[in-house]
Amino acid sequence: MAADGFELNTFLPYRLNRAAEFVALRFAAQYKARYQLTRPEWRTLAALGSTGRAMTATEVGTHSAMHKTKVSRAVALLEKRRWLTRREDENDRRIEHLELTKTGIRAYGELTELAARYQAELDMLIGAAGMQALAIGLEAVERAIGRFEPPPSA
């Protein structure tokens with residue numbers, strides 16, 4: 001125990017951050033090696049691909065918990081790759097609707113296959129009991145998050 005009575009290694013935010021970084025960085029290494037994608041690009045692509053509909057940059061940021069500047073840079077880079085298109089809103093020219101192109105949908109499909117293989121690797125690494133306990137714990141955290149976040153707009 002630390003002299004001041006605070007034990008960093010038992011502090012939940014610290015532990016969650018370490019675990020998330022470990023899991024995310026190992027996956028990031030895989031999609032970076034294969035597609036030269038950054039984490040914000042992957043998260044933007046995943047947000048658009050997983051919803052299967054056009055989204056605004058604000059919606060992508062909310063969905064993926066990313067700051068608007070990271071979303072903006074990721075959108076520009078994915079557009080340069082021709083993986084997404086932007087369409088100006090008919091009623092508000094400040095808003096753009098982002099949508100994956102056919103090439104982007106194909107890349108998203110390939111990346112989800114890579115993600116499924118990584119998930120299987122994590123399942124083996126952590127084990128069935130560990131994965132079940134982790135799922136239960138994360139569901140509790142997500143329920144707590146839901147108490148602080150407004151419900152998604154339709």
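Residues numbered from 1 in each chain as written. Predicted model: local features only at pLDDT ≥ 70, side-chain atom pairs only at ≥ 80, totals over all residues. Heavy atoms only, no water.

**Side note on a nonpolar patch on the surface**
A contiguous nonpolar patch, built from Leu12, Leu16, Phe22, Leu125, Ile126, Leu134, Leu138, Val141 and Ile145 and spanning about 750 Å² of accessible area, is present on the exposed surface. Breaking the nonpolar patch down by element, the ones donating at least two residues are α1 (12–35), α5 (102–126) and α6 (128–148). The dominant element in the nonpolar patch, judged by the number of residues it contributes, is α6, at four residues. In this structure, Ile145 sits in helix α6. Relative accessible area serves as the criterion here: at 38%, Ile145 is assigned to the partly exposed category. (Patch = residues over 30% accessible without salt bridge, like charges linked within 9 Å, V, L, I, M, F, W, Y side chains within 5 Å. Areas by Shrake-Rupley, 256 points an atom, 1.4 Å probe, with all protein chains shown as cover. Salt bridge = Lys/Arg side-chain N within 4 Å of Asp/Glu carboxyl O. Helix = DSSP H or I, 4+ residues; strand = E, 2+ residues; numbered from the N terminus. Buried < 20%, exposed > 50% of the residue type's maximum accessible area, 1.4 Å probe, protein only.)

**Concerning the packing of aromatic side chains**
Geometrically, a pair of aromatic rings is defined through the distance of the ring centres and the angle of the planes. In this structure the tally under the stated criterion is six aromatic pairs. Aromatic pair Phe6 and Phe11: ring centres 5.4 Å apart, planes at 65 degrees, arrangement edge-to-face. When its relative accessible area of 38% is taken as the criterion, Phe11 is described as partly exposed. Ring plane angle 20 degrees and centroid distance 5.4 Å describe the contact between Phe27 and Tyr118, whose orientation is recorded as stacked. Of this pair, Phe27 sits in helix α1 while Tyr118 sits in helix α5, and the two are 91 residues apart along the sequence. Look at Phe27 and you get buried, because its relative accessible area is 9%. Look at Tyr118 and you get buried, because its relative accessible area is 5%. Through pairs of rings, three or more aromatic residues link up here, namely Phe27, Tyr31, Trp42 and Tyr118. (Phe/Tyr/Trp six-rings, centres within 6.5 Å; stacked < 30°, edge-to-face > 60°.)

**Looking at the environment of Leu25**
Locating Leu25 in the fold gives a position in helix α1. Given the relative accessible area of 45%, Leu25 is considered partly exposed. With 11 residues separating them along the chain, Leu25 and Tyr14 place their C-alpha atoms 16 Å apart.

**So, the pattern of salt bridges**
Applying the stated criterion to the full structure yields eight salt bridges. The shortest N-O distance in the salt bridge between Arg39 and Glu21 comes to 3.2 Å. With Arg39 in helix α2 (residues 39–51) and Glu21 in helix α1, the pair connects residues that are 18 residues apart, well separated along the chain. The partly exposed category is assigned to Arg39, whose relative accessible area is 28%. Glu88 serves as the salt-bridge partner of Arg93, at 3.5 Å between the closest nitrogen and oxygen. By relative accessible area, which is 68% here, Arg93 ends up exposed. Look at the salt bridges and you will find they share partners, linking Glu79, Arg86 and Glu96 into a network.

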